Amino acid sequence: MEIKDLYREIVNEHNLHPAHRGDMEAPTLVLQGVNPSCGDDISLQLKLDENDIVTDGLFNGTGCAVSQASADMMLDLIIGKSRSEALELAEGFMGMVRSTATPEQIEALDESAALESISHMPARVKCATLGWKTMQKMLNGEAGQVSTEGE
Ligand code: ZN
């Protein structure tokens, strides 16, 4: 299968059958992320336990297929990880879309690595990174909305 088809298939699959779409009761952290250039708007909700492990995560919102699929795949990956591991993965994802990630970083991204080809589509990069940026900001303890405006 060509990488382009794999990318399309994975994005489709996560849009048709998102595993982590919904609203959570009593999340530990909630943050909204918006990407005005495309119209993507997500609310990310995470639950962390006393050991700083992400025990559950959901997202809700509207937007293009890439933004929604990327958030769903991200949650697949970070549930069960510690705060610092999740932040490391976010760094790897940001590196991947800028073509600066190491092969180890890309491998650690598992299915999310299917979005690597997005680095050749600058208009879509903000869609793919929206969920990751929102997660980064909330796990770094920053408040306020995430917006890609002005980037
Ligand atoms: Zn988008």
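Participant: What exactly am I supposed to notice about the packing of helix α2 (residues 65–78) against helix α5 (residues 122–139) here?
Facilitator: When two helices pack together, their arrangement is given by the angle between the helix axes and by the axis-to-axis distance. In the contact formed by α2 and α5, the axes pass within 8 Å of each other and the chain directions differ by 35°. In the crossing of α2 with α5, the sense of the turn from one axis to the other is right-handed. Counting all contacts with α2, which are made through V66, S67, S70, M74, L77 and I78, the residues of α5 involved are R124, C127, A128, G131, W132 and M135. Taken together, the residues that form the contact of α2 with α5 break down as eight nonpolar, three polar and one charged.

Participant: Mind showing me how you'd approach the packing of helix α3 (residues 83–97) against α5 here?
Facilitator: Across the interface, α3 lies against α5 with an axial gap of 10 Å and an inter-helix angle of 155°. It follows from the interaxial angle that α3 and α5 lie roughly antiparallel. When the axes of α3 and α5 are compared, the crossing they make is left-handed. Side by side, α3 and α5 meet where R83, A86, L87, L89, A90, E91, F93, M94 and V97 of the first sit next to V125, A128, T129, W132, K133, M135, Q136, M138 and L139 of the second.

Participant: Hey, could you run me through the sheet that holds strand β1 (residues 29–35) in this one?
Facilitator: Note: strands within a sheet are paired through backbone hydrogen bonds, in either parallel or antiparallel orientation. Spatially, four strands are ordered β3-β2-β1-β4 in an open sheet, and the strand pairing comes out mixed. At either margin of the open sheet sits one strand with a lone partner, and together these are β3 (54–62) and β4 (146–147). In this sheet, β3 lies alongside strand β2 (residues 40–48) in antiparallel orientation, the contact comprising eight bridges. Bridge pairing links S43 to N60 in β3. Strands β2 and β3 of the sheet are contacted by α2, whose axis makes an angle of about 175° with β3.

Procedures and definitions
Residues numbered from 1 in each chain as written. Predicted model: local features only at pLDDT ≥ 70, side-chain atom pairs only at ≥ 80, totals over all residues. Heavy atoms only, no water. Axes fitted to C-alpha atoms, helices over the stretch in contact; angles between N-to-C directions. Helix = DSSP H or I, 4+ residues; strand = E, 2+ residues; numbered from the N terminus. Left-handed = near helix turned anticlockwise from the far one by under 90°. Contact = heavy atoms within 4.5 Å. Nonpolar A, V, L, I, M, F, W, Y, C, P; charged D, E, K, R; others polar. Parallel < 35°, antiparallel > 145°, perpendicular 65-115°, else oblique. Pairing = 2+ DSSP bridges.

Note that every value here comes from positions in space, so none of it alone points to a role or purpose.
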